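Coordinate analysis (summary)
The primary structure of each chain is shown beneath.
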Amino acid sequence: MKFYVKVFIISFIGFLAIFTGVLFAIDSIMDKPEIPITTVETTESTTETVAPDNGDNVGEDDQRTELEKIAENSSRINIIAFGLNSQLADTMMLFSYDPDLNRMDILSIPRDTYHHIEGYDDPGQKKLNATYGFKEIGGVNGMKKILSEFLGVPIDYYLKVDFEAVRAVVDTLGGYEVTVPFDMKYDDDYDNPPLHINLKQGYQVLNGTDSVKYLRWRKNSDGSRQEGDVQRIPRQQHFVSTMMSKALSSKLPSVINTIIGGKYVQTDMTLEEALSLAIKGASIKSEDIHFYMVEGKEKKIKGTSYWIHDPASLEKTLYGFYGFTIGEDSTIEPTSDAAQETTKKSN
């Protein structure tokens, strides 16, 4: 029985790993850390799970926002997925799964998003992707807590992914079909191992190795082309969507075996929680998976580039996850049966 429980668990985690796709830590090519690297004292094996506040201890002085109240009374499950480049979390995504509607909403969070925490005042420390490396308040607990505060919704679990999963899963699924928009040529002999990207414009079926290169590309060595973090997100999401469709085909068992054998993911889900999610999410359809990005604009502050997010847009997006819409007069209205039930619970 334990074997089958493990298969269900890894099936679900592998399912999320496929969705994430770009798989994180692939941004190491150009950007050197802008912050003093500190060692995280808490390891994954000893980190305690941060349980979301379910409202039981809320007294008369209730400081929760309406979104927090709605989220805490909802059956939605929120998972923050990320990978690491040194002590920086690269390419962060929020997976928000509604088991009642069998729907997945995936929110890309630009790694350069500005978020200043008191006491961490160096320019690079004011980016969300620096959270993991903060001594004492970082690690997976810090990622869950600080991103929960930033988004305004509870984070139930973390999913830390090894970007090598991209290469393995793509090869298992028979390649990534994509039209490369322009010639991509970049060389870095100092990378470990040395990195050489030479992809020609046009339709191709990329193997796992070339898919990783395609996702890692940021600029051409001759300066003819260049993209920032935010400009790459549509490319990343296209990859996730394409691989997801393939994974939901008859090849899913092979993908599961790949994930099991590779040990590409770490999570704080218990056996029972992962099994429950695996069973509920097994029948999700591709049309019920939706992609979003934290909207905003790029801005340089004292020579450092940041992504300044739009709080109103983010709030509207997250209310939408829970089936609510914000009217022009700031009234909050439920737009789904699940939201109606959540409203009843909160009352």
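In this report, the structure presented in the accompanying data block is examined. This is a predicted model, so every value here is computed, not measured.

Quick look at the packing of aromatic side chains now. Geometry of an aromatic ring pair is reported as the spacing of the ring centres plus the angle between the planes. Under the counting rule described, the total for this entry stands at seven aromatic pairs. Here Lys-127 stacks its cationic end above the ring of Tyr-306, 5.8 Å away from the centre of that ring.

Below, the discussion takes up the side chain of Lys-144. Within the element layout of this structure, Lys-144 appears in helix H3 (residues 139–151). Given a relative accessible area of 2%, Lys-144 falls into the buried group.

This part is about the nonpolar core. Phe-82, Met-92, Leu-107, Ile-109, Leu-151, Leu-318 and Tyr-322 are the most contacted members of the largest nonpolar core, which totals 34 residues. At the level of elements, helix H2 (66–72), strand S1 (77–85), strand S2 (88–98), strand S3 (103–109), H3 and helix H9 (311–321) are the ones that each hand at least two residues to this core. It is H3 that provides the largest number of residues to this core, a total of six residues. Val-169, Val-170, Leu-195 and Leu-199 belong to the second largest nonpolar core, which has 21 residues in total.

Turning to its location among the elements, Thr-209 is positioned in helix H5 (residues 208–216). On the basis of relative accessibility, which here comes to 34%, the residue Thr-209 falls in the partly exposed class. Through-space distance from the C-alpha of Thr-209 to that of Val-170 is 8.6 Å; in sequence the pair is 39 residues apart.

With respect to the helices and strands, Thr-317 occurs in helix H9. Residue classification places Thr-317 among the buried positions, given a relative accessible area of 18%. Ignoring any residue separated from it by four or fewer positions in sequence, one finds Thr-317 in contact with Leu-107 and Tyr-292.

This part covers the packing of helix H4 (residues 164–172) against H5. At their nearest, the axes of H4 and H5 sit 7 Å apart, and the two run at 130 degrees to each other. By the angle between their axes, H4 is oblique relative to H5. Relative to H5, the crossing made by H4 is right-handed. Taking contact as the criterion, the partners of Val-166, Arg-167, Val-170 and Asp-171 in H4 are, on H5, Gly-208, Thr-209, Ser-211, Val-212 and Leu-215. For the contact of H4 with H5, the per-class residue count stands at four nonpolar, three polar and two charged.

In this section: the pattern of salt bridges. Here the structure, examined in full by the defined rule, presents eight salt bridges. Among the salt bridges present, the one from Arg-64 reaches Glu-72, with a minimum N-O distance of 2.5 Å. A relative accessible area of 22% places Glu-72 in the partly exposed class. Residue Asp-105 is joined to Arg-103 by a salt bridge in which the shortest nitrogen-to-oxygen separation is 2.9 Å. Put simply, Arg-76, Asp-98, Arg-103 and Asp-105 are held in one network by salt bridges that share partners.

Reading guide: rules and limits
- Residues numbered from 1 in each chain as written.
- Predicted model: local features only at pLDDT ≥ 70, side-chain atom pairs only at ≥ 80, totals over all residues.
- Heavy atoms only, no water.
- Phe/Tyr/Trp six-rings, centres within 6.5 Å; stacked < 30°, edge-to-face > 60°.
- Lys NZ or Arg CZ within 6 Å of the ring centre and 35° of its normal.
- Helix = DSSP H or I, 4+ residues; strand = E, 2+ residues; numbered from the N terminus.
- Buried < 20%, exposed > 50% of the residue type's maximum accessible area, 1.4 Å probe, protein only.
- Core = buried A, V, L, I, M, F, W, Y, C linked by side-chain atoms within 4.5 Å.
- Contact = heavy atoms within 4.5 Å.
- Axes fitted to C-alpha atoms, helices over the stretch in contact; angles between N-to-C directions.
- Parallel < 35°, antiparallel > 145°, perpendicular 65-115°, else oblique.
- Left-handed = near helix turned anticlockwise from the far one by under 90°.
- Nonpolar A, V, L, I, M, F, W, Y, C, P; charged D, E, K, R; others polar.
- Salt bridge = Lys/Arg side-chain N within 4 Å of Asp/Glu carboxyl O.

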